[in-house]
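Okay, here's what each chain looks like letter by letter:
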Amino acid sequence: MSKSNESAYLKIDRNFIVLKKEIVMNIQSEKLKLIEWLVALQDKTIIEKLKYLKENISDSADWWDTISEAEKESIDRGLKDVENGRTTPHSEIRKKYEKWL
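Residues numbered from 1 in each chain as written. Predicted model: local features only at pLDDT ≥ 70, side-chain atom pairs only at ≥ 80, totals over all residues. Heavy atoms only, no water.

Asks: Quick question: what am I supposed to make of the overall build of the protein chain here?
Replies: For the protein chain, the count of helices and strands is 4 helices and 0 strands. Split into buried and exposed, the 101 residues of the protein chain put 3% on the buried side. Entry remark: accessible area of the protein chain is about 9,800 Å², with carbon and sulfur atoms responsible for 57%. (Helix = DSSP H or I, 4+ residues; strand = E, 2+ residues; numbered from the N terminus. Buried < 20%, exposed > 50% of the residue type's maximum accessible area, 1.4 Å probe, protein only. Areas by Shrake-Rupley, 256 points an atom, 1.4 Å probe, with all protein chains shown as cover.)

What follows is the structure, given as structure tokens:
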């Protein structure tokens, strides 16, 4: 590997490490926010749902198996829309909602 290629590789590698560290830090920050929210939470229904998630959904569970039938049907309708060309480019949507973004 030439010096310039090695230098580029090291630069990319360092950027990846920095990016990975930022992602990990963001996840940790989000976890802390959730903990703060949970400590103040008084809604027993939400607490029961969270307990269910903790006890019944493993890290290796397929997310499809964890969503409701209504959510599955909504996703299926969206996929059929894509198959039938009923889509709007992202750029058009951004223009339409630009003032709120």
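Still more ground to cover, so stick around.
Asks: Where do I start with the packing of aromatic side chains in this structure?
Replies: Given two aromatic rings, their pairing is described by the distance between the two centres and the angle made by the two planes. Going through the model one piece at a time under the given rule, you end up with 1 aromatic pair. Seen in terms of ring centroids, Tyr97 and Trp100 are 5.8 Å apart; in terms of plane orientation they differ by 45°. Their pairing is tilted. With a relative accessible area of 37%, Tyr97 lands in the partly exposed category. (Phe/Tyr/Trp six-rings, centres within 6.5 Å; stacked < 30°, edge-to-face > 60°.)

Asks: Would you mind going over a nonpolar patch on the surface with me for this structure?
Replies: Taken together, Leu34, Trp37, Leu38, Leu50, Tyr52 and Leu53 make up a surface patch of nonpolar side chains, about 590 Å² in accessible area. Listed by contribution, the elements that provide at least two residues to the nonpolar patch are α1 (3-40) and α2 (44-56). Inspection of the secondary structure assignment puts Leu34 in helix α1. Classification of Leu34 by relative accessible area gives exposed; the value is 53%. (Patch = residues over 30% accessible without salt bridge, like charges linked within 9 Å, V, L, I, M, F, W, Y side chains within 5 Å. Salt bridge = Lys/Arg side-chain N within 4 Å of Asp/Glu carboxyl O.)

Asks: Explain the pattern of salt bridges to me, please; I cannot follow it from the model alone.
Replies: Should their charged atoms come close, side chains of opposite charge can pair. Within this structure, the stated rule accounts for 4 salt bridges. Among the salt bridges present, the one from Glu69 reaches Lys72, with a minimum N-O distance of 3.6 Å. Within this pair, Glu69 and its partner Lys72 are both found in helix α3 (residues 69-83), separated by 3 residues, close to a single helical turn.

Asks: How should I be thinking about the environment of Trp64 in this particular structure?
Replies: Among the secondary structure elements, Trp64 is positioned in the loop between α2 and α3. Look at Trp64 and you get partly exposed, because its relative accessible area is 28%. Setting aside residues no more than four positions away along its own chain, Trp64 makes contact with Lys72, Ile75 and Asp76. (Contact = heavy atoms within 4.5 Å.)

Asks: Help me out: how do you make sense of α3 in this one?
Replies: The α-helix advances 3.6 residues per turn, and as a result positions three or four apart in sequence lie on the same side. Taking 1.5 Å of rise per residue, the 15 residues of α3 would be expected to cover 21 Å, and the 21 Å separating its terminal C-alpha atoms lies within 8% of that figure. Within two residues after α3, Gly85 carries a phi angle of roughly 75°, on the positive side. (Expected span 1.5 Å × (residues − 1).)

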